[in-house]
Amino acid sequence: MKKRILGIVLALVMALTFVPVTAEAANFDDREWYPLIQGDFDEFPLTTLSDYKYYLYQDITLDSTLTINGTVTLDLNGHVLKLAGSGSVFKMSSGANFTIQDSEPNTVHKFDKNAETGLLTLNEASGTETIRGGIITGGNTIQGAGITMDEGALSLTMTGGTIVGCQSSSAAGGILAWGRYTVPTITLSGSSRVTGCTAPAPYGSAIGVANEAVLNLYGGLVEGDVYINGTIKADP
C-alpha cells in the first residue's frame, strides 16, 4: 500500500514537472500598463486612448479610427493593430502627445506586395514579404491613413514598430502632421519604420509634413516619399 501511494505521488510530481508554462516575453506591470485585447473593441468598442500607457496583449482588428487624447504611450509588443474599416488607424486630437514603442521587435509578420503600387497587404498565411516587430496597418482614407495629427496635436514619437500598408487618396499614406496653430513634431528613432504605404505623388506615400510641422529623423527607416512643406531635421 505504501509503495502504491509513493508511486502515485511520484507520478503527480512528474506530471507537474512537464506542464507547459506560458510566459510573456516582455514584462508589463499592470499597475502602470493597461493590456489591450480584442474584446476591448468588440461589443462595447473602445474608441479613445487617453492619458495612460497601453500595450497590445494580442493582435487586434479595429472597425473604426482610434483617437488619441492627452499623453499616451502604446507598446505594440510585436503584435498587429489593423484597421478593417475606412479612415486613419489613429487620429491625434488637439494637445495630444503619442509615443509608440515595441518590446518585441523580432516577431515575424508576412505581407503581399502590389507590384504596381508598392502597397503591402497583411497575409500571415502565405505572404512573401517579411516585416518584423509590431505592426500598424490597414488605414484607408483621404490623407494620413496611418496616423493623422489634427491641428493642435503636439508630438508623435516612434522608437519602434512599423506603419505599413496604409493608403491615402490625397496625401500622406503613413503619417500626416499639420502645423497651423501649434508646431507639431514627428520624431522617428530606434527600430521605427514607415513602409509599403501609398499616396499620389508628390504628396508623401510615407509622410506628409505641412506648414509649421517638424519631422525629426533620428534613426528608424522611411521607405517611400516624404512631402515637406515644413521643417525636417536629421542626425548628422
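Note: the structure precedes this text.
Residues numbered from 1 in each chain as written. Predicted model: local features only at pLDDT ≥ 70, side-chain atom pairs only at ≥ 80, totals over all residues. Heavy atoms only, no water.

Another point: the overall build of the protein chain. Looking only at helices and strands, the protein chain features one helix and 24 strands. Looking at the 236 residues of the protein chain, the share that counts as buried comes to 42%. Partitioning the contacts of the protein chain with sequence separation of at least 6, the portion at a separation of at least 24 is 63%. Summing over all exposed atoms, the protein chain offers an accessible surface of approximately 11,900 Å²; the carbon and sulfur share of this is 53%. (Helix = DSSP H or I, 4+ residues; strand = E, 2+ residues; numbered from the N terminus. Buried < 20%, exposed > 50% of the residue type's maximum accessible area, 1.4 Å probe, protein only. Contact = heavy atoms within 4.5 Å. Areas by Shrake-Rupley, 256 points an atom, 1.4 Å probe, with all protein chains shown as cover.)

With antiparallel pairing, three strands are arranged side by side in an open sheet as E11-E10-E12. In this open sheet, the two edge strands, each paired with only one partner strand, are strand E11 (120-122) and strand E12 (129-132). For this sheet the average axis-to-axis angle between neighbouring strands, irrespective of direction, equals 45 degrees. Bridge count between strand E10 (residues 108-113) and E11: three bridges; the pairing is antiparallel. Its bridge partner being in E11, Phe 111 is matched across the sheet by Leu 122. (Pairing = 2+ DSSP bridges. Axes fitted to C-alpha atoms, helices over the stretch in contact; angles between N-to-C directions.)

Time to look at the nonpolar core. The biggest cluster of nonpolar side chains holds 40 residues, and the ones touching the most others in it are Leu 74, Phe 90, Met 92, Phe 98, Leu 156, Ile 163 and Ile 186. Top element by residues in this core is strand E22 (residues 207-217). It accounts for four residues. The residues touching Leu 74, leaving out its near neighbours within four places in the chain, are Leu 36, Tyr 54, Tyr 55, Leu 56, Leu 81, Phe 90, Phe 98, Thr 99, Ile 100 and Gln 101. (Core = buried A, V, L, I, M, F, W, Y, C linked by side-chain atoms within 4.5 Å.)

Its volume calculated, the largest pocket comes out at about 180 Å³. Lining the largest pocket are 14 residues, with Lys 113, Gly 118, Leu 120, Thr 195 and Gly 196 positioned closest to its centre. The set of elements that each furnish at least two residues to the lining of the largest pocket consists of E12 and strand E21 (193-195). It is E12 that contributes the most residues to the lining of the largest pocket, three residues altogether. In terms of residue class, the lining of the largest pocket is made up of three nonpolar, seven polar and four charged. (1 Å grid on protein atoms, 1.4 Å probe; cavity = no way out; pocket = protein on both sides within 12 Å on 5 of 7 lines; lining within 4 Å. Points joined across faces, edges and corners; volume = space filled by probe spheres on them. Nonpolar A, V, L, I, M, F, W, Y, C, P; charged D, E, K, R; others polar.)

It is worth spelling out the sheet that holds strand E13 (residues 135-137) at this point. The sheet built from six strands is open, its strands ordered E4-E7-E13-E17-E21-E23 with parallel pairing. Looking at the sheet topology across the chains shown, the edges are occupied by strand E4 (60-62) and strand E23 (221-222). Two strands pair when backbone bridges link them, and strand E17 (residues 162-164) and E21 are joined in this way by three bridges, in the parallel orientation. What sits directly across from Ile 163, in E21, is Val 194.

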